[in-house]
Structure formats: structure tokens, C-alpha cells
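Given next are the chains, with one letter for each unit.
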Amino acid sequence: SEYNGHGTAIASLIAGGNHAGIAPNADLLSIQVMDSTGTGDSFTLATGIIEAVVQGASIISMSLGSYGYSATLENAIAYAQANNVILVASAGNDGMGEITYPARFDGVIGVAAIDTESQRAEFSNFSEDVDIAAPGVGIYAAWGEEKWTSFSGTSAATPFVAGGIAVTLSLDPKLTPQEAVDIVLTYADDASAPGIDVNVGHGALNM
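About the cut-offs
Residues numbered from 1 in each chain as written. Predicted model: local features only at pLDDT ≥ 70, side-chain atom pairs only at ≥ 80, totals over all residues. Heavy atoms only, no water. Helix = DSSP H or I, 4+ residues; strand = E, 2+ residues; numbered from the N terminus. Rg over C-alpha atoms; globule rule 2.2 N^0.38 Å. Buried < 20%, exposed > 50% of the residue type's maximum accessible area, 1.4 Å probe, protein only. Areas by Shrake-Rupley, 256 points an atom, 1.4 Å probe, with all protein chains shown as cover. Pairing = 2+ DSSP bridges. Axes fitted to C-alpha atoms, helices over the stretch in contact; angles between N-to-C directions. Contact = heavy atoms within 4.5 Å. Left-handed = near helix turned anticlockwise from the far one by under 90°. Nonpolar A, V, L, I, M, F, W, Y, C, P; charged D, E, K, R; others polar. Patch = residues over 30% accessible without salt bridge, like charges linked within 9 Å, V, L, I, M, F, W, Y side chains within 5 Å. Salt bridge = Lys/Arg side-chain N within 4 Å of Asp/Glu carboxyl O. Phe/Tyr/Trp six-rings, centres within 6.5 Å; stacked < 30°, edge-to-face > 60°.

Colleague: Can you walk me through the overall build of the chain in this structure?
Modeller: Looking only at helices and strands, one finds 5 helices and 6 strands in the chain. What you see in the chain, going N to C, is helices and strands ordered as α-α-β-α-β-β-β-β-β-α-α. Here the chain has a C-alpha radius of gyration of 15 Å; the compact-globule value for 207 residues is 17 Å, and the two agree. Its C-alpha atoms give the chain principal-axis dimensions of roughly 40 × 40 × 35 Å. Burial analysis of the chain (207 residues in total) assigns 45% to the buried set. Accessible area of the chain: about 10300 Å², with a carbon and sulfur share of 49%.

Here is the structure:
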């Protein structure tokens with residue numbers, strides 16, 4: 001199935017070997033919440049978020065989304081936030097003027113995708129809930145057993161932001177996770193209209 005290597009691809013962009021990932025020294029915790037067809041549900045995602053918090057995650061990266069609101073998922077998000085865990089999620093790939101949950105929840109960092117010109121990718125969703133953008137077109141990543149692929153989507157952009165926050169945390173152990181987020185957002189490059197805008201939020205990730 002086209003989704004069988006999705007988790008591997010995301011993991012390689014965060015912490016790929018030989019410094020191929022943005023945060024090569026990060027410790028990864030993998031919790032499966034989708035099946036091999038890319039299908040999942042809010043309860044399973046909520047359970048996965050809680051499990052990640054219990055196991056000590058500092059940052060939760062979610063390259064997935066749905067347009068349906070779920071109180072169960074919102075409660076899991078609140079639980080993670082109460083434990084100072086940073087949540088990063090993709091904005092969606094339908095070119096629509098609204099982003100998907102869980103990125104749409106308050107406090108979750110919603111990630112859009114930009115192209116090689118640092119402009120919003122045509123497929124990337126946009127709205128005032130977008131916080132930041134990162135490369136998401138033609139991204140090379142690991143896939144399956146010793147294979148590579150090129151794929152596009154806000155799913156590809158999300159691990160760059162999660163990894164960027166991880167690197168920022170590692171550079172200064174005195175930082176809180178939220179302070180690391182604030183630094184990443186503050187130093188993002190204007191890539192669309194000046195200031196915060198619906199296409200790229202604070203701008204394009206600048207590491």
C-alpha cells in the first residue's frame with residue numbers, strides 16, 4: 001500500500017542516519033495510529049497521544065488529519081499540553097481555506113507546505129490557524145526496507161518543524177519546550193505577505 005512506508009519516511013526526515021534528518025540525535029518513539037491504507041480514527045489517535053505523553057515524549061509529530069471535530073481528541077490534546085508536550089500537525093493537502101484537526105486545535109502547531117520558491121504549495125491548506133510552513137514538495141525520504149522515495153504534502157513539512165523544535169531544545173537545555181517553539185516561530189522567514197498570514201503563518205522554517 002502507498003501508506004506502508006509513511007511512518008518510516010517521517011522518521012527519516014526527523015532523525016535519519018548519517019545526519020540525513022533535521023534532528024539526527026533525537027530519540028524517536030513510534031506509535032502507530034493509522035492502518036496500511038492510511039485510515040484511522042480519532043479515538044486511536046487520542047490513545048496514541050496519551051501513550052506518547054506517558055512514555056515521556058517532549059514533542060509529538062502528527063502527519064495526519066481530518067476535518068471532523070472530536071471531543072475525545074481535544075481532551076487528549078489538552079492532556080498533552082498540560083504535561084508541557086509540544087504538538088505539531090499537518091494542515092492538510094486539499095488546497096482548502098481551512099486546516100485539518102488536530103492542527104486546528106488551539107496550541108497545536110499547524111504546518112503548511114511550501115515549494116522550492118518558498119511559496120505555499122498549491123495543495124497545502126491555508127487559514128489563520130496555520131502557524132508555520134516548511135518544505136513539502138518533492139521531499140526525499142526513506143521508504144520501506146532500504147528504499148528511498150520522493151513525496152509531497154504537509155505530511156512531509158510537519159517533521160521538519162517538529163525536528164527543528166527538537167534541535168532548538170537540544171542547543172539550550174534550559175529552554176522549556178514552549179520557549180523552543182517561540183524561537184522557531186520568531187525566526188521563521190517571511191515567505192508570503194509580510195507578517196503572519198494565512199498561507200504560511202509566521203513564515204518558512206529557518207534553521
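Next comes the rest of the account.
Colleague: Whenever I open this one, the sheet that holds strand E3 (residues 109-114) confuses me. Can you help?
Modeller: As a general point, the strands of a sheet are linked pairwise by backbone hydrogen bonds and lie either parallel or antiparallel. Strands sit in the order E1-E2-E3-E4 across an open sheet of 4 strands; the sheet is parallel. Of all strands in the sheet, those bounded by a partner on one side alone are strand E1 (59-62) and strand E4 (132-135). Direction aside, the axes of adjacent strands within the sheet are offset by 30 degrees on average. In this sheet, strand E2 (residues 86-90) lies alongside E1 in parallel orientation, the contact comprising 4 bridges. The partner of Ile60 across the bridge, within E2, is Leu87. Across the sheet, helix H5 (residues 177-186) lies against E2, E3 and E4, angled at about 40 degrees from E2, the strand it touches most.

Colleague: Is there a simple way to explain the packing of helix H1 (residues 6-15) against helix H4 (residues 154-171) in this structure?
Modeller: Each pair of packed helices can be described by the angle between their axes along with the distance between the axes. Closest axis-to-axis distance for the H1/H4 pair is 8 Å, and the angle between their directions is 35 degrees. Crossing of H1 over H4 shows right-handed handedness. Each of His6, Ile10, Leu13 and Ile14 in H1 lies in contact with H4, whose residues at this interface are Ser155, Ala156, Pro159, Phe160 and Gly163. Taken together, the residues of the contact of H1 with H4 sort by class into 6 nonpolar, 3 polar and no charged.

Colleague: Teacher, can you tell me more about a nonpolar patch on the surface here?
Modeller: Taken together, the side chains of Ile50, Val54 and Tyr79 make up a nonpolar region of the molecular surface, amounting to roughly 260 Å² of accessible area. Within the element layout of this structure, Ile50 appears in helix H2 (residues 42-54). The partly exposed category is assigned to Ile50, whose relative accessible area is 35%.

Colleague: I would appreciate a short explanation of the packing of aromatic side chains in the present structure.
Modeller: Ring pairs (aromatic) are described by centroid distance and by the angle formed between their planes. Applying the stated criterion across every chain, the model contains 3 aromatic pairs. Relative to Tyr101, the ring of Tyr69 lies with its centre 6.0 Å away and its plane at 70 degrees, an arrangement referred to as edge-to-face. Separated by 32 residues along the polypeptide, Tyr69 in the loop between E1 and helix H3 (71-82) and Tyr101 in the loop between E2 and E3 bring together distant segments of the chain. Residue Tyr69 is classed as partly exposed on the basis of its relative accessible area, which comes to 49%. Measuring from centroid to centroid gives 6.0 Å for Tyr69 and Phe105, while their planes differ by 65 degrees, and the two rings are edge-to-face. Here Tyr69 is found in the loop between E1 and H3, whereas its partner Phe105 is found in the loop between E2 and E3, with 36 residues between them in sequence. Three or more aromatic residues link up through ring pairs in this structure, and these residues are Tyr69, Tyr101 and Phe105.

Colleague: Mind showing me how you'd approach the pattern of salt bridges here?
Modeller: Note on pairing: side chains with opposite charge can pair once their charged atoms come close. Counting across every chain of the model gives 2 salt bridges. The salt bridge involving Glu98 is made with Arg104; its shortest N-O contact spans 2.7 Å.

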